[in-house]
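# Commentary on secondary and tertiary structure
Residues per chain, in single letters:
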Amino acid sequence: MAEQGLLVLFGSQTGTAQDTAERLGREAQRRRLRCRVQALDSCDLANLIHEPLVVFVCATTGQGDPPDNMKMFWRFIFRKSLPARSLCQLDYAVLGLGDSSYPKFNFVAKKLHKRLLQLGGNPLLPVALGDDQHDLGPDAVVDPWLVALWDKILALYPLPPGLEIISPDVCLPPKYTLHYLPEDSPQPERDLLQAAAPQAAPCELQPFAARVVSNQRVTAHSHFQDVRLIEFDIAGSGITFSAGDVVMIQPQNCPEDVQQFCQLLCLEPHRRFVLEPTEPGTSLPPLLPQPCTIQYLVTHYLDISCVPRRSFFELLAHFSTSELEREKLQEFSSAQGQEELYSYCNRPRRTTLEVLWDFPHSTCAIPADYLLDLIPRIRPRAFSIASSLLALPERMQILVAVVRYKTRLSKPRRGLCSTWLASLNPEQGDVRVPLWVKKGGMKFPADPATPVIMIGPGTGVAPFRAAIQERVALGCRGNCLFFGCRHQSKDFYWQTEWEELVTKGFLTLFTAFSRDQDEKVYVQHRIRENGKLVWELLSSENAHVYLAG
């Protein structure tokens, strides 16, 4: 065990499962256990049979689907060819993170636990099912389960003689050490956003820097919501996509936030540094150039606009030079303080940057070495592709509702990616956005004669615009669209385009403008009114129904 150590494998879509897995890693370190924390798809699956002790932390996404970074593992573990006793030497535990408002609550964790049992694995504990809907969030299940887990693990692998568990008051070493380079050292920073044709299809680790061709507001200026139709030039990228596919976009922090963050932490934006892992075998963050500037790190990597998690407060408390601030941070990171943390942070959607403003004595004491432990990386955002390559070769369009809403905080909340995209002005020069394409969940019929019924209120109509363009280019006429918005004159996306297709006989269109009359009318009312046609298409013509919102 001393040799192998504990392996913690996570499948995470939004970062919660990864955060929990890293917490397990820290708790293992305090118990003097060697521990590796990895995404499931980064793990060498052939070596799984040699691992003595593995903890799986898995989220469930969509309709009971595994997260993107465990899809290869998922296919591997359910291979029929795997021998029934292939994991008989494995002690394991499964921690699931889900949301009980979905029908397939924690489906991935339940199914994985069952499969590991089938393959002969020895469960240390019953599967744990964390629930976002609980008043205290998943931690209501995670906290007591971890206590029981460590009891089991320490019974199997006791502490070496003379050693004790490292106290929570002791700050563990950072994952990386940040070494500043002399100010006069040469070598300019490598730009990760290379517009040159990539060697392989663009992906998260090698996005394509697509040029923004146009960025046009498509809602009336009197309308409460700013919605943009943004077009990218993807010529030479090697990117291909079909209707229903999704584009992933890597956003960045706005310059004012970056400047504030650097001022608060007394960081010099133009200082260059290299990162060095503290533990041998730890890989460097793949999306950061080496060497890198503080400016690049804060702009492109650190998610300073996310709502901080409990682990953030736990680590920040270690650096605090103010007793008052330290006590509050410790309360927020304790099991008892979760309700108060929720009302301080999650309910009003307070950002990491705003929290740092609230704890100035702790913030100015944060060592630069700990920045990557304290603040997660900016995650890519997914958008439905709203155009077809058959209609617009070498181009890609997306429909973006700019996220802006009020909470009890005086400053409106803004979506990081949509706000950044809306700010890009291609008329002011060469503006580029890092992106790549992922297969979507919607597959349109291969047989062009099969009719499709599409229900797309608001910006949910975006993937159907791609589907209709694609189907019209192939000569398909059985396209039926139910579209809904507030006002015909303010947010009826692609009105002219739809009306032309209706005239040409390619589209049957039903619209519901909810606020254009006294009584609100929605797409479901139009479906009910046209029930005879819908049933005819379903029963006689085997139509496929799609819904996006």
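All values derive from a computational prediction rather than experimental measurement.

Conventions and cut-offs
- Residues numbered from 1 in each chain as written.
- Predicted model: local features only at pLDDT ≥ 70, side-chain atom pairs only at ≥ 80, totals over all residues.
- Heavy atoms only, no water.
- UniProt positions renumbered as here; feature names shortened; annotations may be inferred.
- Helix = DSSP H or I, 4+ residues; strand = E, 2+ residues; numbered from the N terminus.
- Domains from an automatic or database assignment.
- Contact = heavy atoms within 4.5 Å.
- Buried area = accessible area lost by both parts, 1.4 Å probe.
- Salt bridge = Lys/Arg side-chain N within 4 Å of Asp/Glu carboxyl O.
- Polar contact = N/O pair within 3.5 Å; in protein donor to acceptor, adjacent residues only side chain to side chain.
- Patch = residues over 30% accessible without salt bridge, like charges linked within 9 Å, V, L, I, M, F, W, Y side chains within 5 Å.
- Areas by Shrake-Rupley, 256 points an atom, 1.4 Å probe, with all protein chains shown as cover.
- Buried < 20%, exposed > 50% of the residue type's maximum accessible area, 1.4 Å probe, protein only.
- Pairing = 2+ DSSP bridges.
- Axes fitted to C-alpha atoms, helices over the stretch in contact; angles between N-to-C directions.
- Phe/Tyr/Trp six-rings, centres within 6.5 Å; stacked < 30°, edge-to-face > 60°.
- Lys NZ or Arg CZ within 6 Å of the ring centre and 35° of its normal.
- 1 Å grid on protein atoms, 1.4 Å probe; cavity = no way out; pocket = protein on both sides within 12 Å on 5 of 7 lines; lining within 4 Å.
- Points joined across faces, edges and corners; volume = space filled by probe spheres on them.
- Nonpolar A, V, L, I, M, F, W, Y, C, P; charged D, E, K, R; others polar.
- Parallel < 35°, antiparallel > 145°, perpendicular 65-115°, else oblique.
- Right-handed = clockwise from strand over helix to strand, strands pointing away.
- Left-handed = near helix turned anticlockwise from the far one by under 90°.

### Some points on the UniProt feature "domain: FAD-binding FR-type" (unreviewed entry) in the chain
- On the UniProt side, "domain: FAD-binding FR-type" (unreviewed entry) is annotated at positions that read residues 205–445 here.
- A helix fraction of 29% and a strand fraction of 21% characterise residues 205–445, whose end C-alpha atoms lie 32 Å from each other.

### Examining the domain arrangement of the chain
- The domain boundaries assigned to the chain delineate domain 1 (6–156), domain 2 (255–374) and domain 3 (452–547).
- For domain 1 versus domain 2, the distance between C-alpha centres works out to 27 Å.
- Each side of the interface is counted separately: domain 1 has 10 residues, and domain 2 has seven residues.
- For the pair domain 1 and domain 2, the summed buried area comes to about 730 Å², and 36% of that belongs to carbon and sulfur atoms.
- Linking domain 1 to domain 2 there are two salt bridges.
- A salt bridge links Asp143 to Arg310; its shortest N-O distance comes to 3.0 Å.
- One can count five residue pairs in polar contact (both at pLDDT 80 or more) joining domain 1 with domain 2.

### Remarks on a nonpolar patch on the surface
- A cluster of nonpolar side chains, contributed by Trp535, Leu538 and Val545, occupies part of the molecular surface with about 310 Å² of accessible area.
- Note that Val545 resides in strand E21 (residues 544–547).
- Taking the relative accessible area as the measure of exposure, Val545 reaches 45% and is therefore partly exposed.

### A look at the sheet that holds strand E18 (residues 452–457)
- In space, the four strands of this open sheet follow the order E20-E19-E18-E21, with parallel pairing throughout. The sheet terminates laterally at strand E20 (507–513) and E21, the two strands that pair on one side only. Adjacent strand axes in the sheet meet at a mean angle of 10°, parallel and antiparallel pairs treated alike.
- Sheet topology note: the E18/E21 ladder contains four bridges and is parallel. Paired with Ile453 across the bridge in E21 is Val545.
- Sheet contacts for helix H15 (residues 495–503): strand E19 (479–485) and E20; angle to E20, the most-contacted strand, approximately 140°.
- Across the sheet, helix H17 (residues 531–541) lies against E18, E19, E20 and E21, angled at about 135° from E18, the strand it touches most.

### A word on unusual backbone geometry
- Here the amide bond leading from Gln290 into Pro291 is cis, since omega sits at -5°, within 30 degrees of zero.
- Within the secondary structure layout, Pro291 lies in the loop between strand E11 (272–277) and strand E12 (292–293).
- A positive phi is found at Cys266, a non-glycine position, where the angle reads about 55°.
- Inspection of the secondary structure assignment puts Cys266 in the loop between helix H5 (255–264) and E11.
- If you check the backbone angles, Asn542 has positive phi at about 55° while not being a glycine.
- The residue Asn542 is located in the loop between H17 and E21 in this model.
- With relative accessibility at 55%, the residue Asn542 sits in the exposed group.

### Points about the packing of aromatic side chains
- Applying the stated rule across the entire model yields 14 aromatic pairs.
- By way of ring pairs, the aromatic residues Phe312, Phe313, Phe332, Tyr344 and Phe359 are connected into one cluster.
- Positioned above the aromatic ring of Phe107 is the side chain of Lys104, whose terminal nitrogen or guanidinium carbon lies 4.8 Å from the ring centre.
- In this arrangement the basic side chain of Arg477 is found over the ring face of Phe506, its NZ or CZ atom lying 4.3 Å from the centre.

### Considerations on the pattern of salt bridges
- Following the criterion strictly, the structure yields 23 salt bridges and no others.
- Of the charged contacts, one joins Arg310 and Asp139 as a salt bridge, the two residues approaching to 3.0 Å between their closest N and O atoms. Here Arg310, found in helix H7 (residues 310–319), pairs with Asp139, found in helix H4 (residues 139–156); they are 171 residues apart in sequence, far enough to count as distant.
- Its salt-bridge partner being Glu231, residue Arg395 comes within 2.9 Å of it at the nearest N-O pair. Here the residue Arg395 occupies a position in strand E14 (residues 395–401), and Glu231 occupies one in strand E9 (residues 227–233), the gap between them amounting to 164 residues.
- Of the residues examined, Arg395 reaches a relative accessible area of 24% and is grouped as partly exposed.
- One network of salt bridges, in which partners are shared, links Arg23, Glu27, Asp139, Asp143 and Arg310.

### With respect to the layout of surface pockets
- The space that makes up the second largest pocket amounts to roughly 600 Å³.
- For the lining of the second largest pocket, the elements supplying multiple residues, two or more each, are helix H1 (16–30), H4, H7 and helix H8 (323–332).
- Across the lining of the second largest pocket, the residue classes tally to seven nonpolar, four polar and 10 charged.
- Each of two domains, domain 1 (6–156) and domain 2 (255–374), supplies a minimum of three residues to the lining of the second largest pocket.

### Regarding the packing of H8 against helix H9 (residues 338–346)
- Two elements in contact, H8 and H9, have axes whose closest approach is 8 Å; the angle formed by their N-to-C orientations is 105°. In terms of axis orientation, H8 runs roughly perpendicular to H9. Contacts from Lys328, Glu331 and Phe332 in H8 reach Gln338, Glu340, Leu341 and Tyr344 in H9.
- Among the residues forming the contact of H8 with H9, the class breakdown is three nonpolar, one polar and three charged.

### Quick look at the pairing of E18
- Within E18, five of the six residues are buried, which leaves it mostly tucked inside the rest of the structure.
- Where E18 meets E19, six bridges bridge the pair, whose relative direction is parallel. Directly across from Pro457, in E19, lies its bridge partner Gly484.
- Assessed by its sense of winding, the connection that carries the chain from E18 through helix H14 (residues 462–473) to E19 is right-handed.

### Side note on the packing of H1 against H4
- At a minimum axis distance of 12 Å, the contact between H1 and H4 shows a crossing angle of 30°. Relative to H4, the element H1 is oriented roughly parallel. Considering only the axes of H1 and H4, their crossing is right-handed. Between H1 and H4, the residues in contact are Thr20, Arg23, Leu24, Glu27 and Ala28 and Asp139, Val142, Asp143, Leu146, Leu149 and Trp150, respectively.
- For the contact of H1 with H4, the residue count by class is six nonpolar, one polar and four charged.

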